[in-house]
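Residue-level structure breakdown
One-letter residues, chain by chain:
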Amino acid sequence: MSEKKRKVLLVGWDSADWKVIHPLLDAGKLPHLEQLVNGGVIGNLATLYPVLSPMLWTSIGTGKRPYKHGIHGFAEPDPHTGGVRPITNLSRKTKAVWNILSQAGKKCVVVWWPSHPAEPLPDGVMVSNHFQRAANPDPAQPWPLPAGAVYPARLAKTLAEGRVHPHELVAEMILPFVPKAAEIDQKKDRRLEGLAKTIADCSTIQAVATQLIRSEPWDFMAVYFDAIDHFGHGFMKYHPPRQPWVPEKDFELYSGVIEAGYRYHDMMLGVLMAMAGPDTTVLLMSDHGFHPDNLRPSSIPLEPAGPAVEHRHYGIFALKGPGVKKDERVTGATVLDITPTLLALFDLPVGRDMDGKPLVNVFAETPKLETIPSWDEVPGTDGSHPSGAKLDAADAKEALKQLEALGYISPLPEDAAKAVGETQAELDYNLACSLTDTNRHAQAAEIFARLWAARPDEHRYGGKLLSCQLALGAFELARETLDRLRANRRKYGAEAAAELKRRKEELTDKKPEDLAPAQQEELRRLAAKARPATAAMRHMEATLLFAEGKAAEAVEVLQSLEKSGGTDPGFLVQLGQGFLALKRWDEAEKSFKRALELDPDNAHVSGLPRSGTSLMMQMLAAGGLPPLHDGHRPADTDNPRGYFEFASAKNIRADASWLPQAQGRAVKLVAQLLPFLPGGPAPAAAPRPADECQPYDYRIVWMERSLDEVLASQRAMLDRHGHAGAALAPEKLRAVYEQQLARVAENLERRKLAVLRIAHRDAIRDPAGSAARVAKFLGLPLNTAAMIAAVDPTLHRQKKGRPAGSVGHVAVEVSPAGAGSSRRH
Amino acid sequence: MRPNLRRHNHSAWLEPGHPSVYLGFNLHANNRTYSGWLRVGLTFDGAGNPLAFSLLAKDGAPDIYGAWSTGAISLGEVGSAAAVPEPAQVATGLGLLALGAVGVREFRRRRRQDAA
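Residues numbered from 1 in each chain as written. Chains lettered and ligands numbered in written order. Predicted model: local features only at pLDDT ≥ 70, side-chain atom pairs only at ≥ 80, totals over all residues.

Some points on the overall build of chain A
The number of helices and strands found in chain A is 29 helices and 19 strands. Contacts in chain A between residues far apart in sequence, at least 24 positions, make up 71% of those at least 6 positions apart. (Helix = DSSP H or I, 4+ residues; strand = E, 2+ residues; numbered from the N terminus. Contact = placed C-beta atoms within 7 Å.)

This is the structure:
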């Protein structure tokens, strides 16, 4: 990096979404963000799953996934009190970027989340997320600062004076959000009160940030605002256009809150940017987006963290500063990339144990990147908490109330032991969900199975277990799980219905508004549990049937659900895939098109053609390993030497009876079908009968190709054939492919199948080396000279890929035989 | 941010009998140019001495978002004719809160002043 003294201002806007921002930018309503957008690099920032903010913001701050950083939810057991407390940074198992920067001698000012208690950053400042919470609704009452909210303590008094209490706000601060606030009966409608609290909280954060930006020396400043997320969960449902289920009066009152929230944040951003100065690098980002359109859910699941269904996959990324490109877009960024990119901005090495990567494309000049094994192994004073740090339980309780009010955590039962048990279960559940996000389905399945055994009435545990088993290819177990899920739903549904009936009889003389919120909540939970959830169960049935290769039956079930699922893009994609499997092309196209119309950013794609598999088949054929192909697909300009496809292989999910024909031969398979090759050691979650084990010995040649090249090649092929192709952004296609391939790789590794990865580019550049590797791997006396001659470098037309070592993979070469001949066990 | 007022024009001089004028201007701030106009008013006593000075971005209610985003020009604010206003002195409502610590202090000062 060229700058010797770089200053970086990192601003986090929880839930900020380009889909809301772009129309406001176009209307000139976000002038400061526009400066950032026009003067720097912007892009989407892909989130992680589950989309829960404390996990995500810690991933942002560490560059690591939750199973590495240790923050798994909104609340945690308190080992010192035996109760439950809001999540703290005491659970974090790894250094955050501010620890690393502090250790490297940078002065850090951090206003982040979860950040309580404040960490003792050397020569730095930290203000925790407990700082701004007003515990008492009466502003006349004392508002003590929670212990540990500010480091160093010398700043506590000054900063505390800048806190804004919700009751301090005057009409002109509320009216931009709700112009007709005067029409609201606030005794019945508490939404305005919640709104005022959110405005006050973020104004407090702004007051702290502006105070510190002026009074404290800093090289790195991080400020986190959660208000846009709160505006979203409270008021996105009223954002224009009005949804059919939103009452007109509510729409009239609250339809302006979201826009006002963004405009207020833009004003605050403008102040921060102006105070930071033009030489400061500014990075604005969010952890995920928030559905502002037709994908807004009509209801929120009655489960902990249920509001997360409103979150969208992509957050925002905008970076501007010295040495950063101007007016450009970056693609393929994830929340995991923020910390590595910050380290690159400061010329510091990236930990190889980090899951993210520096976004090198944002730099005007490619920086010199260095890595180290792990920053956690680098000794020094980094400002982390000493082990055994303690938190005040009373303060923790107040903060928990806030999370309950937002719906992020369920109201905690009085019984502390039960509360601890439920909290720990929720943390485990989130961890398991996070593991599935990294294709660690076997580990996740163990956790879901344990949780479900303890709480068989928690059907979401069973549903997740079923998903893991499907991903693992353990279809028999999945069938058992589905049967058990059905039985449990019947049993606990009947119990809930009886209990609901009893409660209603008790409350027969009361109106709904007479009930306490807790009573209403309990009745809603019972009602939800009593519902048979037929559609959900049938959907699972269809998914399982499809996985079992019974596409016709799956489609039949899905079609019976069309009325209820017809507006769900995921459902329509699944239906389209069913039609595709049945070669009902027109119906498949119709379903896919409808899904794309509903959600252009998130449709699925399957398969990974154009990865160079045909080239390998040509080499193997030339070398003396006969290909198994049917010749149905003739050579053309896209593959002048032929495709070597075998139609039956594409149906391996339903029918693998053709495999004996493949003994001693090479078969071309798309990578996504590899998990359906029968045989291999059974996964932990899917024991197989002994007589089914390892029927064949496979040698898999996995062709790797830069995904950029694959996508460009697909595009070129579609253009030549006059097809429009997928209406998906390249970054989305890349993300989907990467996810699919990671899942396949996990399956192969677990089954301990022999795999040789050959880079398509290497096969072109160094056919001799590639041929030798393939021959050695297969253990066959192949004619390598003929293999080399089979490579025609002029076919490598799409040369726009990422640097070596990047992702592109694909396709396969199956030799159902050891040492060149099939070997039945 | 102190805006740089590089170019302006005006409709007339303020004087008794002609208590308001219009100023057109370009503001150059943060590498951007903001164009706009202000209605400037003076209130005079019976002897023709100015009593109060006012700036309005437009007739009617000021733009509640504009206090900072248009470069900290006073919107609907009444102040001293002699002073070049700082953002915290001229901003109102959300504009004041957006200024952060300085704005919160100014907001409370004004409330105390109003209460007194």
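Some points on the overall build of chain B
Each helix and strand counted, chain B has 4 helices and 5 strands in total. Listing each helix as α and each strand as β along chain B from the N terminus yields β-β-β-β-α-β-α-α-α. Looking at chain B as a whole, 29% of its 116 residues qualify as buried. Restricting to contacts in chain B with at least 6 residues of sequence separation, those with at least 24 account for 29%. (Buried ≥ 20, exposed ≤ 12 C-beta atoms within 10 Å, placed from the backbone.)

Here we look at the packing of helix H16 (residues 459-471) of chain A against helix H17 (residues 475-506) of chain A
Residues and elements named next belong to chain A. Closest axis-to-axis distance for the H16/H17 pair is 9 Å, and the angle between their directions is 165°. Relative to H17, H16 is oriented roughly antiparallel. For the element pair H16 and H17, the recorded crossing hand is left-handed. Residues His459, Gly462, Gly463, Leu465, Leu466, Gln469 and Leu470 of H16 touch H17, and the partners they reach there are Leu477, Ala478, Thr481, Leu482, Arg484, Leu485, Asn488 and Arg489. When grouped by side-chain class, the residues that make up the contact of H16 with H17 number 7 nonpolar, 6 polar and 2 charged. (Axes fitted to C-alpha atoms, helices over the stretch in contact; angles between N-to-C directions. Parallel < 35°, antiparallel > 145°, perpendicular 65-115°, else oblique. Left-handed = near helix turned anticlockwise from the far one by under 90°. Nonpolar A, V, L, I, M, F, W, Y, C, P; charged D, E, K, R; others polar.)

What about the confidence of the model for chain A?
Residue and element names in this part refer to chain A. Across chain A, the average pLDDT comes to 82, with 82% of residues at 70 or higher. With pLDDT under 50 throughout, residues 603-608 is counted as low confidence; its partners more than four residues away or in other chains account for 24 contacts. A low-confidence stretch, residues 680-694 stays under pLDDT 50, and its non-local contacts, those more than four residues away or across chains, total 30 contacts. (pLDDT = per-residue confidence, 0-100.)

Some words on the domain arrangement of chain A
Residue and element names in this part refer to chain A. Assigned domains within chain A: domain 1 (8-377), domain 2 (410-598) and domain 3 (613-814). Computed over C-alpha atoms, the centres of domain 1 and domain 2 are 31 Å apart. Facing the 20 residues of domain 1 at the interface are 21 residues of domain 2. Listed by contribution, the elements that provide at least two residues to the side of domain 1 that touches domain 2 are helix H4 (66-69) and strand S3 (75-77). Looking at the side of domain 1 that touches domain 2 element by element, the count peaks at 3 residues for S3. (Domains from an automatic or database assignment.)

A closer look at the interface of chain A and chain B
The partner chain B presents 18 residues to the 20 residues of chain A that form the contact. Mapped by element, the contributors of at least two residues to the side of chain A that touches chain B are helix H2 (31-39), helix H7 (171-174), helix H8 (191-215) and helix H11 (257-276) of chain A. Considering every element that reaches the side of chain A that touches chain B, the biggest residue donor is H11(A), with 7 residues. Taken together, the residues that form the side of chain A that touches chain B break down as 11 nonpolar, 7 polar and 2 charged.

So, the confidence of the model for chain B
All names here are of chain B. Looking at chain B, pLDDT values average 58 and 22% of them are 70 or higher. Of all secondary-structure elements in chain B, the lowest mean pLDDT belongs to helix H1 (residues 66-69), at 36, while helix H4 (residues 101-115) reaches the highest, 91. Predicted confidence is poor over residues 1-14, with pLDDT under 50, and the contacts of this stretch with residues over four places away or in other chains come to 32 contacts. Note that pLDDT drops below 50 for residues 58-85; the model gives that stretch 64 contacts with residues more than four away or on any other chain. For this predicted complex, the interface confidence comes out at an ipTM of 0.70, alongside a pTM of 0.71.

So, H4(B)
Over its 15 residues, H4(B) runs 21 Å from end to end, which matches the ideal 21 Å to within 8%, given 1.5 Å per residue. For H4(B), the full list of buried residues reads B:Ala101, B:Val102, B:Gly103, B:Val104 and B:Phe107. (Expected span 1.5 Å × (residues − 1).)

A few points about unusual backbone geometry
Residue and element names in this part refer to chain A. His116 connects to Pro117 through a cis peptide bond whose omega is -5°. Relative to the helices and strands, Pro117 is located in the loop between strand S5 (108-111) and strand S6 (125-127). A cis geometry characterises the amide bond from Pro240 onward to Pro241, with omega recorded as -5°. In this structure, Pro241 sits in the loop between helix H9 (227-235) and helix H10 (248-254). A positive phi is found at Asp327, a non-glycine position, where the angle reads about 50°. Take Asp327: it is sitting in the loop between strand S12 (314-320) and strand S13 (328-334).

Quick word on the pairing of strand S9 (residues 281-285) of chain A
Remark: a regular strand shows side chains that alternate across the two faces of the sheet. Residues and elements named next belong to chain A. By the criterion of burial, S9 is predominantly enclosed, with 5 of the 5 residues buried. Neither face of S9 is exposed, since Thr281, Leu283 and Met285 on one face and Val282 and Leu284 on the opposite face are all buried. In the sheet, strand S1 (residues 8-13) pairs with S9 via 5 bridges, with the strands oriented parallel. Note on S9: the bridge partner recorded for Leu9 is Val282. As judged from the 4 bridges shared by S9 and S12, these two strands associate in the antiparallel manner. (Pairing = 2+ DSSP bridges.)

Structural notes on the packing of H8(A) against H4(B)
Viewed as axis vectors pointing N to C, H8(A) and H4(B) meet at an angle of 115°, and their least axial separation amounts to 7 Å. For the pair H8(A) and H4(B), the contacting residues are A:Ala207, A:Thr210 and A:Gln211 in the first and B:Ala101, B:Val102 and B:Val104 in the second.

Brief notes about the sheet that holds S9(A)
If you trace the 9 strands from one edge of the open sheet to the other, you get S7-S6-S5-S8-S1-S9-S12-S2-S13 (chain A), paired in mixed fashion. What marks the edges here is a single partner per strand, and that holds for strand S7 (150-151) and S13 of chain A.

Details of the nonpolar core
Residue and element names in this part refer to chain A. Within the largest apolar cluster, 132 residues are counted, with the highest numbers of intra-cluster contacts made by Val110, Val111, Val127, Ala222, Val257, Leu272 and Leu284. With 12 residues, the top contributor of residues to this core is H11. If near-sequence neighbours (up to four positions away) are discounted, Ala222 is found in contact with Leu10, Trp98, Val110, Val111 and Trp112. One finds Leu431, Cys468, Ala551 and Phe571 within the second-largest nonpolar core, a separate group that totals 44 residues. (Core = buried A, V, L, I, M, F, W, Y, C linked by C-beta atoms within 7 Å.)

Brief notes about the environment of A:Ala536
You can see A:Ala536 is positioned in helix H19 (residues 534-547). Residues A:Ala536 and A:Leu561, spaced 25 residues apart in sequence, show a C-alpha to C-alpha distance of 9.4 Å.

Some thoughts on the pairing of S12(A)
Among the 7 residues in S12(A), 7 count as buried, and that is most of the element. Judged by which residues are buried, S12(A) turns out to be covered on both faces: A:Tyr314, A:Ile316, A:Ala318 and A:Lys320 on one side and A:Gly315, A:Phe317 and A:Leu319 on the other are all buried.

Remarks on helix H1 (residues 18-26) of chain A
Residue and element names in this part refer to chain A. If you check which residues of H1 are buried, you get Trp18, Val20 and Ile21. For H1, the buried positions fall inside an angular range of 155° around the axis, keeping them on one side. Facing away from the buried side of H1 by over 90 degrees, the exposed positions are His22 and Asp26. On its buried face, H1 sits against H2, strand S2 (41-46), H11 and S12. A positive backbone phi angle near 75° is found at Gly28, which sits one or two residues after H1. (Arc of directions from axis to C-beta.)

With respect to the environment of A:Ala552
Its location among the elements puts A:Ala552 in helix H20 (residues 551-560). Taking the number of C-beta atoms within 10 Å as the measure of exposure, A:Ala552 has 13 and is therefore partly exposed.

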